[in-house]
Amino acid sequence: MNTFGFITVTALGNSLIASRTDQRFIPIAWPPCVDIVGNIMVISSRVTAVRYTGMFLMCAGSYSAFSVVQAWIASTIPRTRTKRAIVYAFVNLFGNSSNIYGSYFFPTKDSPQYRPGGITLSSFAAGGIVLSFVLAAYLHWLNVKARKAEEQDGLTRYKYIW
């Protein structure tokens, strides 16, 4: 199996799990953890098999959360299609801008390990995990607040998927 097949299987599996469990944080947070493990394998070893396996993990970790992020945006910004479209645009802008600056993290002088680049990618992945946790905690807090308001006045409120 090549990396594209592996990525496809992990991304579809992750999306199905997110869909069936109605959770977004865990299916977004675990792939960057796998990405960090792959980065560590690649930057710490010179053995081809270890580095090859690490590349599979890096790719699966990087791409498996994308579709779940898109679904989380739709459920987090429920009102006005214009506002949701703007948020989608910003998420895609920042997500795809890494294609521009990412290559600068891997200068030839750092080969073959590319430690600074691997550390930078791992830092971005860890930052994504932390920010996902912050958003999940905030949405959970809003849900608790909405439940308390429902108990007081009996009106149904919107609940966020976190």
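Below, the structure is looked at part by part. Numbering of residues begins from 1 in every chain and follows the order in which that chain's sequence is written. Local features in a predicted model are, by the rule used here, given only for residues with pLDDT of at least 70; side-chain atom pairs are given and counted only at 80 or more, and totals for whole chains, interfaces and linings are based on all residues. Calculation of side-chain values draws on the structure's entire complement of heavy atoms; hydrogens and water are dropped beforehand.

This part covers the overall build of the protein. A run of H or I in DSSP counts as a helix once it spans at least four residues, and a run of E counts as a strand once it spans at least two, with each numbered from the N terminus. The helix and strand inventory of the protein stands at seven helices and zero strands. Each of the three principal axes of the protein carries a C-alpha extent, and together these read 65 × 30 × 25 Å. Classification of residues uses two cut-offs on accessible area relative to the type maximum, computed with a 1.4 Å probe and protein chains only: under 20% is buried, over 50% is exposed, and between them is partly exposed. Split into buried and exposed, the 162 residues of the protein put 31% on the buried side. Note on definitions: a residue-residue contact is assigned when non-hydrogen atoms from the two residues lie within 4.5 Å. Taking the contacts inside the protein whose residues are at least 6 apart along the sequence as the reference set, 58% of them involve residues at least 24 apart. We get accessible surface area from the Shrake-Rupley algorithm with a probe of 1.4 Å; when it comes to residues, only the shown protein chains can shield them. Looking at the protein as shown, the accessible area adds up to about 10,300 Å², and 69% of this sits on carbon and sulfur atoms. Charged-residue counts in this description rest on Lys and Arg as positive and Asp and Glu as negative, His and the chain ends being excluded. By convention, charge coordinates are those of NZ in Lys, CZ in Arg, CG in Asp, or CD in Glu. With 15 positive and 6 negative side-chain charges, the protein shows a separation of 6 Å between the mean positions of the two kinds.

Turning to the packing of aromatic side chains, a few remarks are in order. Stacked, tilted and edge-to-face are the three classes assigned to paired rings of Phe, Tyr and Trp, where Trp is represented by its six-membered ring and a pair needs centres within 6.5 Å; plane angles under 30 degrees give stacked, over 60 edge-to-face, the rest tilted. Per the counting criterion, the structure on display carries eleven aromatic pairs. The interplanar angle of 90 degrees and the centroid separation of 5.5 Å between the aromatic rings of Y63 and F66 together place this pair among those described as edge-to-face. A residue is classified by how much of its surface remains accessible, and Y63, at 43% relative accessible area, is partly exposed. Aromatic ring contacts, followed pair by pair, group F6, Y52 and F56 into a single cluster. For R79, the ring lying beneath its charged end belongs to Y158, and the centroid distance is 5.6 Å. Over a ring means this: the NZ of a Lys or the CZ of an Arg is within 6 Å of the ring centre and within 35 degrees of the ring normal.

We now examine the nonpolar core. Side-chain atoms within 4.5 Å link the members of a nonpolar core, which is a set of buried Ala, Val, Leu, Ile, Met, Phe, Trp, Tyr and Cys residues. One finds A18, F25, I28, A29, V68, W72, I129, A136, L139, L142 and Y160 forming the largest nonpolar core, which totals eleven residues. Elements supplying a minimum of two residues to this core: α2 (25-44), α4 (66-76) and α7 (115-153). With four residues, the single largest contributor to this core is α7. Non-local contacts of F25, meaning those with residues more than four positions away in its chain, are made with W72, I129, S132, F133, A136 and W162.

Attention shifts here to the pattern of salt bridges. By convention in these notes, a salt bridge is any Lys or Arg side-chain nitrogen within 4 Å of a carboxyl oxygen on Asp or Glu. Counted by the stated rule, this structure contains three salt bridges. The closest approach of N and O atoms between E150 and K159, which form a salt bridge, is 2.4 Å.

Residue P112 follows S111 across a cis peptide bond; omega there is 0 degrees. Mapped onto the elements of the fold, P112 is located in the loop between α6 (98-101) and α7. We note that D22 has phi near 55 degrees; this positive angle belongs to a residue other than glycine. Among the structural elements, D22 can be located in the loop between α1 (3-21) and α2. Given a relative accessible area of 48%, D22 falls into the partly exposed group. Positive phi, close to 55 degrees, is recorded for Y114, a residue that is not glycine. Tracing the backbone shows Y114 in the loop between α6 and α7.

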